[in-house]
Amino acid sequence: MRRRRAVAGRLLGVAALLAILGVMPLGGCYYMQAINGHTHLMSQRRPVSEVLNDPAAPETLKERLRLVQEARTFSVDELGLPDNDSYRSYADLDRDYVVWNVFAAPEFSLRPRQWCYLVAGCVAYRGYFNKDDALAEARKLEDAGYDVAVGGVSAYSTLGKFADPVLNTMMRWSDADLVGTLFHELAHQRLYIKGDTQFNESFATAVSAIGMERWFGARGMPDELAEYRARRALRNELLEIVDATKAELATLYASELPVEEKRRRKREVLDALSARTERLFADAGREGSPLAAPLNNARLVSLGLYEGWVPGFLALHDECARDMTCFYARARELAALPGGERMARLEELSLAAQGERLAESGPAGGSSATGNAGGGTAAAD
């Protein structure tokens, strides 16, 4: 399940950002848990250089932190990501996750519930530093009739407002997942717009994908690059299946069928999706699918947050002849568009990229590995 944990870890830990900047969420208790959790986390930070010089620190930890240092330098020099104090310190929280995120969607809708804040805008999840608090919120939402999912989050970001540390919760990942997550979180500091979770996450996922291609290439790691591309190709295939299922569910939810019949058919569709993705991963020789049963609408929408516009952003990168300065400028232009126009443009870019991939996978041979290399992830564990 390492991949599922890494995917989950890329969801922003925005709870503290909202609280510390004085943004009053929906209740005082939420505000206090956020500010207390953030304060505790920041108090645990140690400079990476200090940990590396600590004789008591495990050598395995030091190896991971050296990798973090290399990736941090690469992120600035090769990807044009912020050169600040983020991810130059380390904190051990003595727990498996830093935040637990709650996702919710109506019983017969794939539109996620939104929580809105002045700083971050509206986001499609709500984060808690305490798992019991997250589960309590989930129960309230379930009682209100929502489909709900709760997932542990391993990485943490305040969008550059504070010097976010690398956490012990990230150390169990593979090298590729650790480096890719750093690129992803730093990309949020490069560009983040209020109220559009899918834009923000897709942009950061695309930057991470671009970064990983360059990382493996620069370090002369062809086997690792091939493995990374194979994983992305599998992920893309999974998302195509999910998109088809979402379309089927949207038709069902819009129908005039009785509620009980809708529920029965919904369960059939979701169970079929779980079974199909389990076979997909088994055939590829991978660990279990991230969509193992039981599924609900909340788990589906959490998955889609990261991937929706990744092909469009990668196409934009290609249009810029893979120049990052140009790519960031074009992405900012998209961010400045009204929401509907922005979505239409990204959909246009994504469809064009999909058409090119289909053309490349014609009778002459399989699809291009490079064309399948895009996009990271992220549903909750």
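Here the structure is a predicted model, which is why all the values come from computation and not from measurement.

(A) Expanded view of the nonpolar core. Ranked by size, the top nonpolar core spans 65 residues in total, and within it Met170, Phe203, Trp215, Phe313 and Phe327 carry the most contacts. Residue contributions to this core peak at ten residues, all from helix 8 (residues 197-218). Not counting residues within four places of it along the chain, the set of residues in contact with Phe327 comprises Phe203, Val207, Ile210, Phe313, Leu316, His317 and Cys320. Core analysis: the next-biggest nonpolar cluster, separate from the first, contains 17 residues, Leu238, Leu270, Leu295 and Leu303 among them.

(B) Highlighting the environment of Pro106. Residue position: Pro106 is located in strand 3 (residues 99-106). In sequence terms Pro106 and Ala298 are 192 residues apart; their C-alpha atoms lie 8.2 Å from each other. In this structure, Pro106 is in contact with Arg111, Tyr146, Asp147 and Asn297, ignoring residues within four places of it in sequence.

(C) Inspection of the pairing of strand 7 (residues 146-153) at higher detail. In terms of burial, strand 7 is a largely internal element, six of the eight residues being buried. In this structure, strand 3 lies alongside strand 7, joined through eight bridges in antiparallel fashion. In the sheet register, Val99 faces strand 7, and the bridge partner there is Val153.

(D) Spotlight on unusual backbone geometry. Of note, the bond from Ala293 into Pro294 is cis; its omega dihedral lies within 30 degrees of zero at 0 degrees. Phi is positive for Tyr87, close to 60 degrees, though the residue is something other than glycine. Relative to the elements of secondary structure, Tyr87 occurs in the loop between helix 5 (59-77) and strand 2 (89-91). Unusually for a residue other than glycine, Ala321 sits at a positive phi of about 55 degrees. Given a relative accessible area of 66%, Ala321 falls into the exposed group.

(E) Examining helix 6 (residues 131-143) more closely. Taking 1.5 Å per residue, 13 residues should reach 18 Å; helix 6 reaches 18 Å between its end C-alpha atoms and fits that length. Taken as a whole, helix 6 has its buried residues at Ala134, Glu137, Ala138 and Leu141. Viewed end-on, helix 6 has its buried residues packed into an arc of 105 degrees, placing them on one side of the element. More than 90 degrees from the buried face of helix 6, the exposed residues found are Asp132, Lys140 and Asp143. Where helix 6 is buried, its residues meet strand 3, strand 4 (115-117), strand 6 (126-128) and strand 7.

(F) Structural view of helix 5. Between its terminal C-alpha atoms helix 5 stretches 27 Å, which fits the 27 Å expected from 19 residues at 1.5 Å a residue. Among all positions in helix 5, only Leu61, Lys62, Arg64, Leu65, Leu67, Val68, Ala71, Arg72, Phe74 and Ser75 are buried. On its buried side, helix 5 packs onto helix 4 (48-52), strand 2, strand 8 (166-167), helix 7 (175-190) and helix 8.

(G) Representation of the side chain of Glu213 in the model. With respect to the helices and strands, Glu213 occurs in helix 8. A polar contact of 2.8 Å, which involves the side chain of Glu213, links it to the side chain of Arg229.

(H) Examining the sheet that holds strand 3 more closely. With antiparallel pairing, three strands are arranged side by side in an open sheet as 6-3-7. Looking at which strands have only one partner, the edges of the open sheet turn out to be strand 6 and strand 7. Taking each pair of neighbouring strands and ignoring which way they run, the sheet shows an average axis angle of 25 degrees. Against the sheet, helix 6 contacts strand 3, strand 6 and strand 7, and its axis sits at roughly 170 degrees relative to strand 7.

(I) Spatial organisation of the pairing of strand 3. With respect to burial, strand 3 is a largely interior element, seven of its eight residues being buried. Here strand 3 runs beside strand 6; their pairing, made up of three bridges, is antiparallel. Residue pairing in the sheet places Asn101 in a bridge with Gly127 of strand 6.

(J) Region of the structure containing the pattern of salt bridges. Summed over the entire model, instances satisfying the criterion amount to 21 salt bridges. Salt bridges here are not isolated pairs; linked through shared partners, they connect Glu261, Arg264, Arg265 and Glu268.

(K) Spotlight on the sheet that holds strand 2. Judged by pairing direction, the sheet is mixed, and its three strands sit side by side in the order 1-2-8 without closing on themselves. The strands lining the two open edges of the sheet, one partner per strand, are strand 1 (46-47) and strand 8. Of the strand pairs in this sheet, strand 2 and strand 8 are connected by two bridges, and their pairing is parallel. Pairing of Tyr90 across the sheet is with Val166, part of strand 8.

Reading the values: rules and limits
Residues numbered from 1 in each chain as written. Predicted model: local features only at pLDDT ≥ 70, side-chain atom pairs only at ≥ 80, totals over all residues. Heavy atoms only, no water. Core = buried A, V, L, I, M, F, W, Y, C linked by side-chain atoms within 4.5 Å. Buried < 20%, exposed > 50% of the residue type's maximum accessible area, 1.4 Å probe, protein only. Helix = DSSP H or I, 4+ residues; strand = E, 2+ residues; numbered from the N terminus. Contact = heavy atoms within 4.5 Å. Pairing = 2+ DSSP bridges. Expected span 1.5 Å × (residues − 1). Arc of directions from axis to C-beta. Polar contact = N/O pair within 3.5 Å; in protein donor to acceptor, adjacent residues only side chain to side chain. Axes fitted to C-alpha atoms, helices over the stretch in contact; angles between N-to-C directions. Salt bridge = Lys/Arg side-chain N within 4 Å of Asp/Glu carboxyl O.

Take it as geometry only, folks, not as evidence of what the structure does.
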